[in-house]
Amino acid sequence: MKPNKQGFNSRLIHGGGHKDPLGSVITPIYQTSTFSFESAEEGAKCFAGESDGYIYTRLGNPTINDLERTVADLENGFGGIATSSGMSAVNLVYQTFLGAGKHIVSHNAVYGSSRGVIESVYAQFGVEASYIDTTDIENVKKAIRSNTALIYLETPANPTIGISDVPTICKLAHSHNIPVCVDNTFCSPYIQKPLDLGADIVLHSMTKFINGHADIVGGIVIAGTEDLYKKMRTVMINVGSNMDPHQAYLTRRGLKTLGIRVERAQQNAIKVAEFLESHPKVGWVMYPGLKSHPQYELAKTMMSGPGAMMSFGLKGGLEAGRKLMNNVHFCVLAVSLGGIETLIEHPASMTHSKVPAEAKKEGGITDDLVRLSIGIEDAEDIIADLRQALEKV
Ligand SMILES: *Cc1c(COP(=O)(O)O)cnc(C)c1O
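Residues numbered from 1 in each chain as written. Predicted model: local features only at pLDDT ≥ 70, side-chain atom pairs only at ≥ 80, totals over all residues. Heavy atoms only, no water.

Visitor: Break down the overall build of the chain for me, with residues and values.
Guide: A tally of helices and strands in the chain yields 14 helices and 12 strands. Here the C-alpha radius of gyration of the chain, 21 Å, is about what a compact globule of 393 residues would show, namely 21 Å. Dimensions of the chain, computed from C-alpha atoms along their principal axes, come out at roughly 75 × 50 × 40 Å. Taken over 393 residues, the chain has a buried fraction of 55%. (Helix = DSSP H or I, 4+ residues; strand = E, 2+ residues; numbered from the N terminus. Rg over C-alpha atoms; globule rule 2.2 N^0.38 Å. Buried < 20%, exposed > 50% of the residue type's maximum accessible area, 1.4 Å probe, protein only.)

Okay, structure coming up:
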């Protein structure tokens, strides 16, 4: 797909290019498992790939394809493959590139299940893995082996907000003929376009910013080239990790406002980050928009803005985190991110309370760390809630 000439927000609205036979302005929900053929000959053509007629929803469906074309266009990719969840998008990439005797290099603070599935499932099939801090290119150089088949990045990473240098890592990877995949969930294509930075594949948990309304679970993989796209679509079809048409319809609807949602959330996030950084009970704030972020300059070269995700540390550690969680009333105490509502989470007392100390340390999850996904409410209300809860800490 050639880079589209229209602006980002126009592409959000019109990007999929679905022309409805009845003139429906919105791409309808084609809630069907199968599609009828005009004749035996027509069916034969569809199966031979000589016609783009639809056959069966796992292989393709107009509602799903409209979403796929839109997101692929926003990422400047060749094509997209929508999946049932973000994790099925991650697995689609793993299933395409990994196998017995193959090796993956990835960030030690990637999304928990993206690492967990390698160590608990793919290890059974003989896949080897190196989890390292990819924010330091020297670590990546040392980790590459002759059998490395995939470099898998997440930037900014979850929940440390560490930033990896995508262009430099891609150059290094390509000099060894290794493909690079970037999980772009934290940014959305509004803020960062990894394919433009040199990556081969980009993926999203569409559960987060792309849908943006905390009412579906979904994923997508976008390939930079036709060859990679075809390879991965074949895997998806055979594995059966397709998205469902109704889920695709809701996601396509949520996606239309991505630009204004992310812009608004980001404006709020800048105010919240500045408030937190100046608060006496806060030890540190990690947010790409603050000069105190260790990769502040690098972030500016890869991201069009600092985004809506941040983490911060409470001087009072674990107990202070628990107190803060039990005293917020406006910010919603929940995992996930990228929705219209502000979500707050304290991994040490919530999601990671049973994770061994060593594993937490390696992933950069300290006892004092609190993660915020800033929503599109009024910044004053988010700040007022954090201020009153911090007073009780
Ligand atoms: C949520 C998330 C995933 C997994 O997505 P699901 O839709 O929950 O399956 C993967 N990567 C990142 C960065 C995420 O935030």
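Picking up where we left off.
Visitor: Account for the domain arrangement of the chain, with residues named and values stated.
Guide: One frequent convention defines the size of an interface as the accessible area lost when the parts assemble. When cut into domains, the chain gives domain 1 (8-255) and domain 2 (258-391). The distance between the C-alpha centroids of domain 1 and domain 2 comes to 27 Å. At the interface, 38 residues of domain 1 touch 34 residues of domain 2. Summed over the three residues of domain 1 that lose the most area to domain 2, namely I163, I191 and F209, the buried surface amounts to 26% of that side. Our enumeration of links across domain 1 and domain 2 arrives at 1 salt bridge. Put simply, domain 1 and domain 2 have 14 residue pairs in polar contact (both at pLDDT 80 or more) between them. Where the side of domain 1 that touches domain 2 is concerned, the elements lending two or more residues are α1 (8-14), α7 (166-175) and α9 (245-255). In terms of residue count, the dominant contributor to the side of domain 1 that touches domain 2 is α1 (3 residues). By residue class, the composition of the side of domain 1 that touches domain 2 is 20 nonpolar, 15 polar and 3 charged. (Domains from an automatic or database assignment. Contact = heavy atoms within 4.5 Å. Buried area = accessible area lost by both parts, 1.4 Å probe. Salt bridge = Lys/Arg side-chain N within 4 Å of Asp/Glu carboxyl O. Polar contact = N/O pair within 3.5 Å; in protein donor to acceptor, adjacent residues only side chain to side chain. Nonpolar A, V, L, I, M, F, W, Y, C, P; charged D, E, K, R; others polar.)

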